[in-house]
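What the coordinates show
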Amino acid sequence: MTIQDWLQAAIADAERRGLPELKPLLEGLAQSTTLLRSAGFGGSANDLPDPGEDFDH
Amino acid sequence: MKTLTIEEFARQIRSKQITAVGVLEQCLERIRTEDPRLNAFIFVMADEARRDARRADEELDAGLDRGPLHGVPISIKDLFDITDTPTTAASHVRDGHVAGSDAVAIARLRRAGAVLIGKTNLHEFAFGTTNEDSAYGPARHPLDPTRSPGGSSGGSAASLAAGMALATLGTDTGGSIRIPAAICGTVGLKPTYGEIPAEGVVPLSRTLDHVGPLTSTVADAWHFFHALRGDTVLRPLAPSAIRQLRFGIPRKYFCDLLDPEVRRSFESSVDALRSAGATIHDVEIPNARFIATIYVHIVFGDAAPYHAAALETMPARYTPAVRLRLEMARYVLAEDYTRALEGREVLRREVDAALSGYDALLLPTVPIPAFTIGTATVDLNGSKEPIRNITLRLTQLFNITGHPAISLPCGKTSQGLPCGLQLVGTRGQTDQLLHVAAGVERVLSV
């Protein structure tokens, strides 16, 4: 799920639950999550090999 | 107020200069006169404490000596279960709760002869650093009641700094022992993760929560820590010779955003240690910019399931700000929680590497001194920083990684507000960190 999709769904759910005041907090969390994902901790299935690496296998 | 240290108490009670009952009554009198303005206690256990102090005196008279904490009046953060008393966590969510047994840490303190004087105020469920959001009202700073004592163990720190107890038991999930210790001018120790069991403690994050003491001196922290470990064989604290010590300072990120007076106190302490012969070099935590986001995703992911049912059934019993943050926590995705756990391993390796060849890391504990209750943001280096973020900034890394860390007083601002110096040691070597801290304390107290 992209962060934008997650944020829209979370805000909609919060409003449905009568918690519209969560919106700015969720927007802040989205920024934090964007930073976390940018770090690439743990790697990704579509990580490309280093161009200089021999991957003849 | 100058508080009797545990070491002074231990000497004087054994030489019959004082009694446990007498010192307890002095603490109860301080509570009677000071607590109305500080709100450090949620409830005082005067009757039980008097009974336990009498027993402590009788045991010593009969030749039973339980060690350095024998008869010492200690306050307890109200997250710890004490048999037959409520554990409020400073929340009306817990109304009606009565503990059926002692937390492990409480049982160990009892075995060490401590006298439990009462339960102290905190940020609701320990989920904050200001102590403003408590069902029992904010705890206040002993030097200026318009200011926060820090948090979440703010009532604990205030009770110690105001002389209402000789030491206090706290918890630290992102800095909740070290932050109020620094802001109130006491010593605060977060041991290595898992060293002191957290059973019987209301959790915030079971992977970040640490149990530890706030005390007046490093020697007192040593005695308190060993009682919490359940150690029965006493070992002496051996302050390290400063000339043999090597310190690393992680300046990048950790010294980027500091109040000018906190910076001055920190640099003065570094200069004093260098002048005393310590070797000090800069070190680096390469992924430091990710600390806050890793912390947030772990603490949210851990806190959400514990609170989910109460948020559905009794949301109005939470203070509004804590309720909203816990509701926000419920939206963290599993994949992002796992990313944060992966990041935790990276940071753990980086702190290990930064410590390689050094006895401890040196950094300030909190970037700002005590702040006025109700302050939302603070201006540092031209940017507005939320109080919550800035107070956690220098401490939360070591909850993520589990390294032991201690805050020592290191001077005051021009307004007389305390500043804290943080030392971080090698995982599993909390004793060694305390030896180093005792050496540093000697230099800084000259």
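Use the structure listed above.
Okay, so let's go over this structure. (Residues numbered from 1 in each chain as written. Chains lettered and ligands numbered in written order. Predicted model: local features only at pLDDT ≥ 70, side-chain atom pairs only at ≥ 80, totals over all residues. Heavy atoms only, no water.)

1. Some points on the overall build of chain A
- Scanning chain A for helices and strands turns up two helices and zero strands.
- The 57 residues of chain A split such that 26% are buried.
- When the accessible surface of chain A is summed, it comes to about 3900 Å², and 53% of that surface belongs to carbon and sulfur atoms. (Helix = DSSP H or I, 4+ residues; strand = E, 2+ residues; numbered from the N terminus. Buried < 20%, exposed > 50% of the residue type's maximum accessible area, 1.4 Å probe, protein only. Areas by Shrake-Rupley, 256 points an atom, 1.4 Å probe, with all protein chains shown as cover.)

2. A word on the layout of surface pockets
Residues and elements named next belong to chain B.
- Estimates place the volume of the largest pocket at around 1000 Å³.
- Looking at the largest pocket, it is lined by 36 residues, and the ones nearest its centre are Val296, Arg325, Pro386, Arg388 and Asn389.
- Residues belonging to the lining of the largest pocket are distributed by class as follows: 18 nonpolar, eleven polar and seven charged.
- Roughly 710 Å³ of internal volume is contained in the second largest pocket.
- If you go around the second largest pocket, you meet 31 residues; those closest to its centre are Cys184, Gly185, Thr186, Pro409 and Lys412.
- Ranked by the residues each element gives to the lining of the second largest pocket, the list is headed by strand E12 (residues 405–412), at five residues.
- The residue inventory of the lining of the second largest pocket, partitioned by class, reads 15 nonpolar, ten polar and six charged. (1 Å grid on protein atoms, 1.4 Å probe; cavity = no way out; pocket = protein on both sides within 12 Å on 5 of 7 lines; lining within 4 Å. Points joined across faces, edges and corners; volume = space filled by probe spheres on them. Nonpolar A, V, L, I, M, F, W, Y, C, P; charged D, E, K, R; others polar.)

3. Brief notes about the interface of chain A and chain B
- Between chain A and chain B, the contact holds 21 residues from the first and 25 residues from the second.
- Roughly 2000 Å² is buried in total at the junction of chain A and chain B, and carbon and sulfur atoms are behind 70% of that figure.
- Scanning the region where chain A abuts chain B turns up four salt bridges.
- At the junction of chain A with chain B, the criterion picks out nine residue pairs in polar contact (both at pLDDT 80 or more).
- Of all the elements in the fold, those that place two or more residues in the side of chain A that touches chain B are helix H1 (3–16) and helix H2 (23–39) of chain A.
- When residues in the side of chain A that touches chain B are grouped by element, the largest group, ten residues, is from H2(A).
- The residue makeup of the side of chain A that touches chain B, split by class, is 13 nonpolar, four polar and four charged. (Contact = heavy atoms within 4.5 Å. Buried area = accessible area lost by both parts, 1.4 Å probe. Salt bridge = Lys/Arg side-chain N within 4 Å of Asp/Glu carboxyl O. Polar contact = N/O pair within 3.5 Å; in protein donor to acceptor, adjacent residues only side chain to side chain.)

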